[in-house]
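Observations on the model geometry
The lines below spell out each chain.
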Amino acid sequence: MKKSNRETGLRTKAVHAGEGPDPATGASAPNLVMSTTYVLDQPLGFSAHDLGEDSPFIYTRWGNPTVRQLEQKLAALEGAEAGLCFGSGMAASAALLLGLLNAGDHLVASDTTYAGTAELVRQSLPRLGIEVTPVDTSDLGAVKRALRPNTRLIWIETPANPILRLSDIPALGGLAKQAGAKLAVDSTFATPLATRPLELGADFVVHALTKYIGGHGDAVGGAVLGRAADLRALSLEAIIHYGGILSPFNAWLILRGAATLPLRMAAHEAGAFVVARFLEAHPRVASVLYPGLPSHPQHELAERQMGNFSGMIAFQSKGDGPALAARMAEGLEIIHYAVSLGHHRSLICWIGTEDVMASSFALTGAQLEAYRAFAGHGVFRLSVGLEDPEDLCGDLDRVLSGA
Ligand SMILES: *Cc1c(COP(=O)(O)O)cnc(C)c1O
(Lines give C-alpha, C1' and ligand atoms only; values in the text may rest on other atoms or scores of the structure.)
Protein backbone atom coordinates (compact mmCIF):
# COMPACT_ATOMS: atom_id res chain seq x y z
CA MET A 1 0.00 0.00 0.00
CA LYS A 2 1.33 3.45 -0.90
CA LYS A 3 1.67 5.80 2.09
CA SER A 4 1.64 9.59 2.01
CA ASN A 5 3.44 11.37 4.84
CA ARG A 6 0.31 13.06 6.17
CA GLU A 7 0.30 13.30 9.98
CA THR A 8 -2.66 11.38 11.36
CA GLY A 9 -4.66 11.77 14.57
CA LEU A 10 -4.29 9.64 17.69
CA ARG A 11 -7.38 7.53 16.95
CA THR A 12 -6.01 6.67 13.52
CA LYS A 13 -2.57 5.95 14.99
CA ALA A 14 -4.09 3.71 17.66
CA VAL A 15 -5.74 1.61 14.96
CA HIS A 16 -3.10 1.61 12.22
CA ALA A 17 0.37 2.60 13.51
CA GLY A 18 2.86 -0.26 13.43
CA GLU A 19 0.45 -2.48 11.52
CA GLY A 20 -0.13 -3.13 7.86
CA PRO A 21 -1.53 -5.88 5.69
CA ASP A 22 0.72 -8.93 5.70
CA PRO A 23 2.75 -8.84 2.47
CA ALA A 24 2.60 -12.63 2.02
CA THR A 25 -1.12 -13.26 2.66
CA GLY A 26 -2.83 -9.86 2.62
CA ALA A 27 -4.09 -10.51 6.17
CA SER A 28 -5.59 -7.29 7.51
CA ALA A 29 -5.19 -8.06 11.22
CA PRO A 30 -1.70 -8.41 12.74
CA ASN A 31 -0.16 -11.86 12.64
CA LEU A 32 0.69 -13.57 15.90
CA VAL A 33 4.23 -14.87 15.36
CA MET A 34 5.06 -17.35 18.12
CA SER A 35 8.20 -18.71 16.45
CA THR A 36 11.28 -18.50 18.66
CA THR A 37 13.67 -18.71 15.72
CA TYR A 38 13.75 -17.64 12.07
CA VAL A 39 15.17 -19.43 9.04
CA LEU A 40 18.10 -17.46 7.63
CA ASP A 41 19.03 -17.27 3.98
CA GLN A 42 22.72 -16.97 4.88
CA PRO A 43 24.86 -17.67 7.96
CA LEU A 44 24.98 -14.74 10.42
CA GLY A 45 27.11 -13.79 13.43
CA PHE A 46 26.04 -14.82 16.92
CA SER A 47 26.38 -11.45 18.64
CA ALA A 48 23.42 -9.14 19.02
CA HIS A 49 25.93 -6.30 18.54
CA ASP A 50 25.96 -7.22 14.85
CA LEU A 51 22.26 -6.41 14.57
CA GLY A 52 21.29 -3.31 12.64
CA GLU A 53 18.01 -1.53 11.96
CA ASP A 54 17.36 -3.63 8.87
CA SER A 55 18.63 -6.97 10.17
CA PRO A 56 16.31 -9.91 9.64
CA PHE A 57 14.58 -11.49 12.63
CA ILE A 58 16.93 -14.12 14.07
CA TYR A 59 15.73 -15.11 17.52
CA THR A 60 12.62 -13.86 19.34
CA ARG A 61 14.48 -12.54 22.42
CA TRP A 62 16.41 -10.28 20.01
CA GLY A 63 13.29 -9.16 18.19
CA ASN A 64 9.86 -10.51 17.21
CA PRO A 65 7.53 -9.26 14.45
CA THR A 66 4.41 -9.06 16.65
CA VAL A 67 6.25 -7.33 19.49
CA ARG A 68 7.87 -4.96 16.96
CA GLN A 69 4.42 -3.95 15.69
CA LEU A 70 3.35 -3.04 19.22
CA GLU A 71 6.59 -1.10 19.81
CA GLN A 72 5.93 0.94 16.68
CA LYS A 73 2.32 1.61 17.65
CA LEU A 74 3.35 2.76 21.15
CA ALA A 75 6.10 4.99 19.75
CA ALA A 76 3.59 6.59 17.38
CA LEU A 77 1.11 7.19 20.22
CA GLU A 78 3.76 8.77 22.48
CA GLY A 79 5.42 10.79 19.73
CA ALA A 80 8.65 8.86 20.48
CA GLU A 81 11.44 7.92 18.09
CA ALA A 82 11.36 4.36 19.39
CA GLY A 83 9.83 1.97 21.89
CA LEU A 84 10.86 -1.26 23.61
CA CYS A 85 8.48 -3.76 25.16
CA PHE A 86 9.13 -5.86 28.26
CA GLY A 87 7.42 -8.74 30.04
CA SER A 88 5.83 -6.47 32.67
CA GLY A 89 5.73 -2.86 33.78
CA MET A 90 8.25 -3.70 36.50
CA ALA A 91 10.55 -5.36 33.93
CA ALA A 92 10.45 -2.11 31.92
CA SER A 93 11.17 0.04 35.00
CA ALA A 94 13.94 -2.25 36.23
CA ALA A 95 15.51 -2.39 32.77
CA LEU A 96 15.60 1.39 32.48
CA LEU A 97 16.97 1.94 36.00
CA LEU A 98 19.59 -0.81 35.77
CA GLY A 99 20.44 0.04 32.18
CA LEU A 100 21.09 3.72 32.94
CA LEU A 101 22.55 3.80 36.44
CA ASN A 102 26.03 2.73 37.53
CA ALA A 103 27.49 2.24 40.99
CA GLY A 104 28.25 5.73 42.33
CA ASP A 105 25.39 7.37 40.43
CA HIS A 106 22.61 9.18 42.25
CA LEU A 107 18.89 8.81 41.55
CA VAL A 108 16.22 11.30 42.63
CA ALA A 109 12.96 9.35 42.71
CA SER A 110 9.44 10.42 43.53
CA ASP A 111 8.72 9.33 47.12
CA THR A 112 5.23 8.18 46.09
CA THR A 113 5.00 5.70 43.23
CA TYR A 114 3.72 2.29 42.31
CA ALA A 115 4.74 0.13 45.28
CA GLY A 116 6.94 -2.20 43.24
CA THR A 117 8.95 0.76 41.94
CA ALA A 118 9.21 2.25 45.43
CA GLU A 119 10.64 -1.01 46.76
CA LEU A 120 12.98 -1.49 43.79
CA VAL A 121 14.55 1.95 44.18
CA ARG A 122 14.74 1.84 47.98
CA GLN A 123 15.85 -1.77 48.44
CA SER A 124 17.59 -3.09 45.32
CA LEU A 125 19.41 -0.09 43.82
CA PRO A 126 21.35 0.88 46.99
CA ARG A 127 22.55 -2.72 47.21
CA LEU A 128 24.23 -2.16 43.82
CA GLY A 129 25.97 1.03 44.96
CA ILE A 130 23.42 3.43 43.47
CA GLU A 131 22.48 6.30 45.80
CA VAL A 132 18.75 7.05 45.96
CA THR A 133 16.94 10.09 47.37
CA PRO A 134 13.16 9.72 47.53
CA VAL A 135 11.62 13.19 47.20
CA ASP A 136 8.15 14.70 46.96
CA THR A 137 8.56 15.62 43.29
CA SER A 138 5.46 17.85 43.38
CA ASP A 139 7.75 20.19 45.40
CA LEU A 140 10.25 21.69 42.95
CA GLY A 141 12.32 23.22 45.77
CA ALA A 142 12.73 19.78 47.34
CA VAL A 143 13.87 18.34 44.01
CA LYS A 144 16.39 21.17 43.56
CA ARG A 145 17.82 20.58 47.04
CA ALA A 146 18.13 16.84 46.36
CA LEU A 147 20.18 17.21 43.17
CA ARG A 148 23.90 16.41 43.41
CA PRO A 149 26.79 16.49 40.96
CA ASN A 150 26.40 12.72 40.44
CA THR A 151 22.61 12.82 39.92
CA ARG A 152 22.08 10.88 36.73
CA LEU A 153 18.30 10.47 36.66
CA ILE A 154 15.09 11.96 38.04
CA TRP A 155 12.26 9.42 38.16
CA ILE A 156 8.68 10.55 38.53
CA GLU A 157 5.23 9.04 38.26
CA THR A 158 2.36 11.40 37.40
CA PRO A 159 -0.40 11.05 38.46
CA ALA A 160 1.25 9.03 41.22
CA ASN A 161 -0.10 5.86 42.75
CA PRO A 162 -2.15 5.81 44.91
CA ILE A 163 -2.88 9.46 45.81
CA LEU A 164 -2.99 10.96 42.30
CA ARG A 165 -0.43 13.61 43.19
CA LEU A 166 0.99 15.28 40.07
CA SER A 167 4.52 16.31 39.16
CA ASP A 168 5.24 19.18 36.77
CA ILE A 169 7.00 17.55 33.79
CA PRO A 170 8.29 20.70 31.99
CA ALA A 171 9.66 22.17 35.24
CA LEU A 172 11.36 18.90 36.23
CA GLY A 173 12.67 18.43 32.68
CA GLY A 174 14.31 21.86 33.04
CA LEU A 175 15.85 20.97 36.41
CA ALA A 176 17.15 17.66 35.07
CA LYS A 177 18.74 19.36 32.09
CA GLN A 178 20.49 21.97 34.27
CA ALA A 179 21.82 19.16 36.46
CA GLY A 180 23.04 17.10 33.50
CA ALA A 181 20.55 14.38 34.42
CA LYS A 182 17.76 12.66 32.53
CA LEU A 183 14.06 12.64 33.36
CA ALA A 184 12.01 9.42 33.26
CA VAL A 185 8.23 9.48 33.66
CA ASP A 186 6.07 6.51 34.60
CA SER A 187 2.97 7.63 32.69
CA THR A 188 0.86 4.51 33.31
CA PHE A 189 -1.99 6.40 35.02
CA ALA A 190 -2.02 9.11 32.35
CA THR A 191 -1.55 7.14 29.10
CA PRO A 192 -0.49 8.93 25.87
CA LEU A 193 -4.04 10.24 25.61
CA ALA A 194 -3.63 12.37 28.73
CA THR A 195 0.02 13.35 28.76
CA ARG A 196 2.90 13.11 26.30
CA PRO A 197 5.94 13.48 28.54
CA LEU A 198 8.54 13.39 25.73
CA GLU A 199 6.96 16.48 24.17
CA LEU A 200 7.06 18.18 27.60
CA GLY A 201 10.79 17.63 28.14
CA ALA A 202 11.17 14.09 29.49
CA ASP A 203 13.83 11.73 28.13
CA PHE A 204 12.04 8.44 28.81
CA VAL A 205 8.46 7.31 29.30
CA VAL A 206 7.54 4.05 31.02
CA HIS A 207 4.18 2.28 30.79
CA ALA A 208 2.70 -0.73 32.50
CA LEU A 209 0.87 -2.04 29.41
CA THR A 210 -0.98 -4.27 31.88
CA LYS A 211 -3.15 -1.27 32.72
CA TYR A 212 -4.88 1.14 30.32
CA ILE A 213 -2.95 0.37 27.14
CA GLY A 214 -3.81 -3.35 27.15
CA GLY A 215 -6.98 -2.32 28.88
CA HIS A 216 -8.74 -5.64 29.43
CA GLY A 217 -7.01 -7.22 32.41
CA ASP A 218 -5.71 -10.20 30.46
CA ALA A 219 -2.08 -9.44 29.54
CA VAL A 220 0.86 -8.27 31.63
CA GLY A 221 3.41 -6.14 29.79
CA GLY A 222 5.55 -3.02 29.94
CA ALA A 223 7.29 -0.54 27.67
CA VAL A 224 9.95 2.17 27.61
CA LEU A 225 9.71 4.93 24.99
CA GLY A 226 12.34 7.50 24.07
CA ARG A 227 15.10 8.44 21.65
CA ALA A 228 16.21 5.77 19.19
CA ALA A 229 19.89 5.89 20.24
CA ASP A 230 19.03 5.61 23.95
CA LEU A 231 16.69 2.69 23.34
CA ARG A 232 19.13 0.88 21.11
CA ALA A 233 21.64 0.87 23.97
CA LEU A 234 18.91 -0.27 26.36
CA SER A 235 17.84 -3.01 23.97
CA LEU A 236 21.34 -4.49 23.74
CA GLU A 237 21.70 -4.63 27.49
CA ALA A 238 18.26 -4.91 29.00
CA ILE A 239 16.30 -6.87 26.42
CA ILE A 240 18.98 -9.15 25.09
CA HIS A 241 20.99 -9.71 28.27
CA TYR A 242 18.47 -9.31 31.11
CA GLY A 243 15.97 -11.10 28.89
CA GLY A 244 12.68 -9.78 30.30
CA ILE A 245 10.93 -9.83 26.93
CA LEU A 246 7.23 -9.52 26.22
CA SER A 247 5.54 -12.70 25.02
CA PRO A 248 4.35 -12.31 21.39
CA PHE A 249 0.93 -13.54 22.50
CA ASN A 250 0.69 -10.74 25.07
CA ALA A 251 1.93 -8.25 22.46
CA TRP A 252 -0.86 -9.41 20.15
CA LEU A 253 -3.49 -8.97 22.88
CA ILE A 254 -2.11 -5.56 23.84
CA LEU A 255 -2.04 -4.47 20.16
CA ARG A 256 -5.74 -5.27 19.98
CA GLY A 257 -6.40 -3.39 23.22
CA ALA A 258 -4.36 -0.37 22.17
CA ALA A 259 -6.48 0.11 19.05
CA THR A 260 -9.39 1.32 21.20
CA LEU A 261 -7.28 3.26 23.75
CA PRO A 262 -8.48 6.73 22.66
CA LEU A 263 -12.14 5.68 22.79
CA ARG A 264 -11.71 3.90 26.10
CA MET A 265 -9.87 6.84 27.71
CA ALA A 266 -12.68 9.21 26.71
CA ALA A 267 -15.19 6.82 28.31
CA HIS A 268 -13.01 6.22 31.42
CA GLU A 269 -12.76 9.98 31.93
CA ALA A 270 -16.49 10.59 31.40
CA GLY A 271 -17.36 7.79 33.84
CA ALA A 272 -14.81 8.98 36.39
CA PHE A 273 -16.29 12.50 36.39
CA VAL A 274 -19.74 11.08 37.18
CA VAL A 275 -18.43 8.80 39.94
CA ALA A 276 -16.07 11.46 41.41
CA ARG A 277 -18.89 14.03 41.65
CA PHE A 278 -21.19 11.40 43.17
CA LEU A 279 -18.56 10.52 45.78
CA GLU A 280 -17.82 14.17 46.53
CA ALA A 281 -21.51 14.70 47.38
CA HIS A 282 -21.81 11.49 49.43
CA PRO A 283 -22.31 11.98 53.20
CA ARG A 284 -20.07 8.98 54.03
CA VAL A 285 -17.14 10.24 51.94
CA ALA A 286 -14.61 12.59 53.57
CA SER A 287 -12.67 13.67 50.48
CA VAL A 288 -12.16 12.82 46.82
CA LEU A 289 -9.00 13.14 44.74
CA TYR A 290 -9.61 13.35 41.00
CA PRO A 291 -7.36 15.58 38.86
CA GLY A 292 -10.36 16.69 36.79
CA LEU A 293 -12.20 18.20 39.78
CA PRO A 294 -11.50 21.77 40.90
CA SER A 295 -11.11 20.35 44.43
CA HIS A 296 -7.90 18.49 43.45
CA PRO A 297 -5.04 20.44 45.10
CA GLN A 298 -3.18 20.56 41.77
CA HIS A 299 -6.14 21.01 39.44
CA GLU A 300 -4.45 23.93 37.70
CA LEU A 301 -1.40 21.76 36.87
CA ALA A 302 -3.73 18.93 35.81
CA GLU A 303 -5.41 21.26 33.34
CA ARG A 304 -2.04 22.33 31.94
CA GLN A 305 -0.50 18.88 31.71
CA MET A 306 -3.37 16.44 31.13
CA GLY A 307 -5.49 16.31 27.99
CA ASN A 308 -7.66 13.65 29.63
CA PHE A 309 -8.03 13.21 33.39
CA SER A 310 -8.04 9.41 33.14
CA GLY A 311 -10.23 7.05 35.15
CA MET A 312 -8.40 6.87 38.49
CA ILE A 313 -10.03 8.24 41.65
CA ALA A 314 -8.80 8.10 45.25
CA PHE A 315 -11.15 8.84 48.12
CA GLN A 316 -11.22 8.84 51.90
CA SER A 317 -14.24 7.54 53.75
CA LYS A 318 -15.61 8.83 57.03
CA GLY A 319 -15.04 6.22 59.72
CA ASP A 320 -13.09 2.99 59.62
CA GLY A 321 -11.41 2.39 56.23
CA PRO A 322 -10.51 -1.29 56.72
CA ALA A 323 -14.06 -2.09 57.90
CA LEU A 324 -15.52 -0.43 54.81
CA ALA A 325 -12.98 -2.30 52.66
CA ALA A 326 -14.26 -5.57 54.14
CA ARG A 327 -17.85 -4.55 53.36
CA MET A 328 -16.79 -3.72 49.78
CA ALA A 329 -15.02 -7.04 49.28
CA GLU A 330 -18.19 -8.81 50.38
CA GLY A 331 -20.92 -6.54 49.12
CA LEU A 332 -19.94 -4.91 45.82
CA GLU A 333 -21.84 -6.52 42.96
CA ILE A 334 -20.34 -4.82 39.89
CA ILE A 335 -17.03 -3.33 40.97
CA HIS A 336 -14.39 -5.97 41.69
CA TYR A 337 -12.51 -5.59 44.96
CA ALA A 338 -9.07 -6.21 43.43
CA VAL A 339 -5.67 -4.65 42.80
CA SER A 340 -4.58 -3.37 39.38
CA LEU A 341 -6.27 -0.70 37.28
CA GLY A 342 -7.04 0.56 33.82
CA HIS A 343 -9.25 -2.37 32.81
CA HIS A 344 -12.70 -2.25 31.24
CA ARG A 345 -13.95 -3.64 34.59
CA SER A 346 -14.03 -1.27 37.55
CA LEU A 347 -11.62 -2.23 40.33
CA ILE A 348 -11.31 -0.88 43.85
CA CYS A 349 -8.93 -1.50 46.74
CA TRP A 350 -8.06 0.05 50.10
CA ILE A 351 -4.52 1.36 50.58
CA GLY A 352 -3.94 2.12 54.26
CA THR A 353 -1.31 4.78 54.94
CA GLU A 354 0.38 2.90 57.79
CA ASP A 355 0.52 -0.32 55.75
CA VAL A 356 1.99 1.30 52.67
CA MET A 357 4.54 3.22 54.74
CA ALA A 358 5.68 -0.03 56.36
CA SER A 359 5.81 -2.05 53.15
CA SER A 360 6.91 0.43 50.50
CA PHE A 361 7.29 4.16 51.12
CA ALA A 362 8.86 4.51 54.61
CA LEU A 363 8.22 8.27 54.71
CA THR A 364 8.82 10.35 57.82
CA GLY A 365 8.56 14.02 58.84
CA ALA A 366 7.46 16.54 56.23
CA GLN A 367 7.26 13.90 53.48
CA LEU A 368 4.86 11.79 55.54
CA GLU A 369 2.82 14.91 56.33
CA ALA A 370 2.64 15.76 52.62
CA TYR A 371 1.42 12.22 51.88
CA ARG A 372 -1.14 12.40 54.68
CA ALA A 373 -2.42 15.72 53.33
CA PHE A 374 -3.62 13.70 50.34
CA ALA A 375 -4.38 10.33 51.92
CA GLY A 376 -5.13 10.79 55.63
CA HIS A 377 -5.21 7.33 57.21
CA GLY A 378 -5.72 5.72 53.81
CA VAL A 379 -7.50 5.89 50.47
CA PHE A 380 -9.74 3.74 48.37
CA ARG A 381 -8.17 3.57 44.93
CA LEU A 382 -10.93 3.24 42.37
CA SER A 383 -10.24 2.47 38.72
CA VAL A 384 -13.42 3.48 36.93
CA GLY A 385 -14.12 0.99 34.15
CA LEU A 386 -16.38 1.15 31.15
CA GLU A 387 -19.66 0.17 32.82
CA ASP A 388 -22.59 2.62 33.04
CA PRO A 389 -21.37 5.13 35.64
CA GLU A 390 -24.84 5.23 37.27
CA ASP A 391 -24.50 1.51 38.00
CA LEU A 392 -21.10 2.10 39.61
CA CYS A 393 -22.53 4.90 41.76
CA GLY A 394 -25.41 2.62 42.82
CA ASP A 395 -22.99 -0.20 43.68
CA LEU A 396 -20.83 2.16 45.79
CA ASP A 397 -23.84 3.83 47.43
CA ARG A 398 -25.27 0.54 48.68
CA VAL A 399 -22.00 -0.37 50.41
CA LEU A 400 -21.11 3.14 51.61
CA SER A 401 -24.53 3.64 53.11
CA GLY A 402 -24.28 0.24 54.79
CA ALA A 403 -27.56 -0.95 53.28
C1 LIG B 1 1.09 -1.64 37.56
C2 LIG B 1 2.08 -0.55 37.53
C3 LIG B 1 3.44 -0.82 37.34
C4 LIG B 1 3.98 -2.23 37.21
O5 LIG B 1 3.40 -2.91 36.14
P6 LIG B 1 3.36 -4.54 36.10
O7 LIG B 1 2.93 -4.83 34.72
O8 LIG B 1 2.38 -4.95 37.16
O9 LIG B 1 4.73 -5.01 36.41
C10 LIG B 1 4.31 0.25 37.30
N11 LIG B 1 3.88 1.51 37.44
C12 LIG B 1 2.58 1.80 37.64
C13 LIG B 1 2.18 3.22 37.81
C14 LIG B 1 1.64 0.79 37.69
O15 LIG B 1 0.35 1.08 37.90
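The structure contained in this document is the topic of the report that follows. (Residues numbered from 1 in each chain as written. Predicted model: local features only at pLDDT ≥ 70, side-chain atom pairs only at ≥ 80, totals over all residues. Heavy atoms only, no water.)

One finds L70, L74, C85, L209, L225 and Y371 to be the most contacted residues of the largest nonpolar core, which totals 44 residues. Listed by contribution, the elements that provide at least two residues to this core are α2 (65-78), β7 (222-226), α9 (248-258), α10 (261-280), β9 (312-317), β11 (347-352), α13 (353-361) and α14 (365-375). Setting aside chain neighbours within four positions, we find L209 in contact with L70, L74, C85, G214, G215, A219, G221, G222, A223 and I254. Counting 33 residues, the second-largest nonpolar core is a separate cluster that includes A272, L279, A302 and L324. (Core = buried A, V, L, I, M, F, W, Y, C linked by side-chain atoms within 4.5 Å. Buried < 20%, exposed > 50% of the residue type's maximum accessible area, 1.4 Å probe, protein only. Helix = DSSP H or I, 4+ residues; strand = E, 2+ residues; numbered from the N terminus. Contact = heavy atoms within 4.5 Å.)

As a general point, the strands of a sheet are linked pairwise by backbone hydrogen bonds and lie either parallel or antiparallel. Strand order in this open sheet of five strands is β8-β9-β12-β11-β10, and the pairing throughout is mixed. Both outer strands of the open sheet, β8 (285-289) and β10 (336-337), are each paired with one neighbouring strand and no more. As paired strands, β8 and β9 are joined by four bridges and run antiparallel to one another. From the neighbouring strand, L289 faces β9, where its bridge partner is A314. The strands touched by α14 are β8, β9 and β12 (378-383); relative to β12, the strand with the most contacts, the crossing angle is about 55 degrees. (Pairing = 2+ DSSP bridges. Axes fitted to C-alpha atoms, helices over the stretch in contact; angles between N-to-C directions.)

Bringing the site of the ligand into the picture now. Near the ligand lie 14 residues; those nearest to it are G89, M90, D186, T210 and K211. D186 is positioned such that a nitrogen or oxygen atom in its side chain is 2.7 Å from a nitrogen atom of the ligand. K211 places a polar side-chain atom, nitrogen or oxygen, 2.7 Å from an oxygen atom of the ligand. Relative to its unbound accessible surface of 380 Å², the ligand loses 92% to contact with the protein. Tallied by class, the residues present in the shell around the ligand amount to six nonpolar, five polar and three charged. (Near = heavy atom within 4 Å. Polar contact = N/O pair within 3.5 Å; in protein donor to acceptor, adjacent residues only side chain to side chain. Areas by Shrake-Rupley, 256 points an atom, 1.4 Å probe, with all protein chains shown as cover. Nonpolar A, V, L, I, M, F, W, Y, C, P; charged D, E, K, R; others polar.)

Another point: the packing of α10 against helix α15 (residues 389-400). A pair of packed helices is characterised by two quantities: the angle between their axes and the separation of those axes. Here α10 crosses α15 at 30 degrees, and the two axes come no closer than 9 Å. As judged from the angle between their axes, α10 and α15 are roughly parallel. Considering the relative orientation of α10 and α15, their crossing is right-handed. For the pair α10 and α15, contact is made by G271, V274, V275, F278 and L279 and by P389, L392, C393, L396, D397 and L400, respectively. Its residues placed into classes, the contact of α10 with α15 shows nine nonpolar, one polar and one charged. (Parallel < 35°, antiparallel > 145°, perpendicular 65-115°, else oblique. Left-handed = near helix turned anticlockwise from the far one by under 90°.)

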